[in-house]
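# Residue-level structure breakdown
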Amino acid sequence: MGPFEIAAIAIIGGLGYSAYDSYNKNKDKASDKEVAELKNELDKMKQRIATLESIVTDKSYQLKEQINRL
């Protein structure tokens, strides 16, 4: 095996390792569509929490709870 063949094998091996490393770094990244769906769901959940907070902090709700405890 000559020096050119060894160099070719080293270059091909380096390129193969680089491609494998890039694949492993990027395989778990979410797509733009998934990110948009998650943001949309998060916004909906924030709205629901705000609604629940307004219900629970309402004085009539607290009064009903006190009456029910009696």
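This one's a predicted model, so the numbers in the text were calculated from it and none came from an experiment. (Residues numbered from 1 in each chain as written. Predicted model: local features only at pLDDT ≥ 70, side-chain atom pairs only at ≥ 80, totals over all residues. Heavy atoms only, no water.)

## Focus: the pattern of salt bridges
Defined as follows: Note on definitions: salt bridges are taken to be side-chain nitrogens of Lys or Arg within 4 Å of carboxyl oxygens of Asp or Glu. We count a stretch as a helix when DSSP gives it H or I for four or more residues in a row; a strand needs E for two or more, and each element gets its number in order from the N terminus. Relative accessibility decides the category of a residue: with a 1.4 Å probe and only protein chains considered, values under 20% of the type maximum give buried, values over 50% give exposed, and everything between is partly exposed.
Counted under the stated rule, the structure contains 1 salt bridge. Residue Asp21 is joined to Lys25 by a salt bridge in which the shortest nitrogen-to-oxygen separation is 3.5 Å. On the criterion of helical spacing, the pair formed by Asp21 and Lys25 is a turn pair, its members being 4 residues apart in helix H1 (residues 3-26). Assessed through its relative accessible area of 58%, Lys25 is described here as exposed.

## Here's the deal with the confidence of the model for the chain
Using the following cut-off: Each residue carries a pLDDT score, the predictor's confidence in it, ranging from 0 to 100.
For the chain, per-residue confidence averages 86 on the pLDDT scale, and residues scoring 70 or more make up 100% of the total. The element-level mean pLDDT for the chain is lowest in helix H3 (residues 59-69), coming to 78, with helix H2 (residues 32-56) highest at 90.

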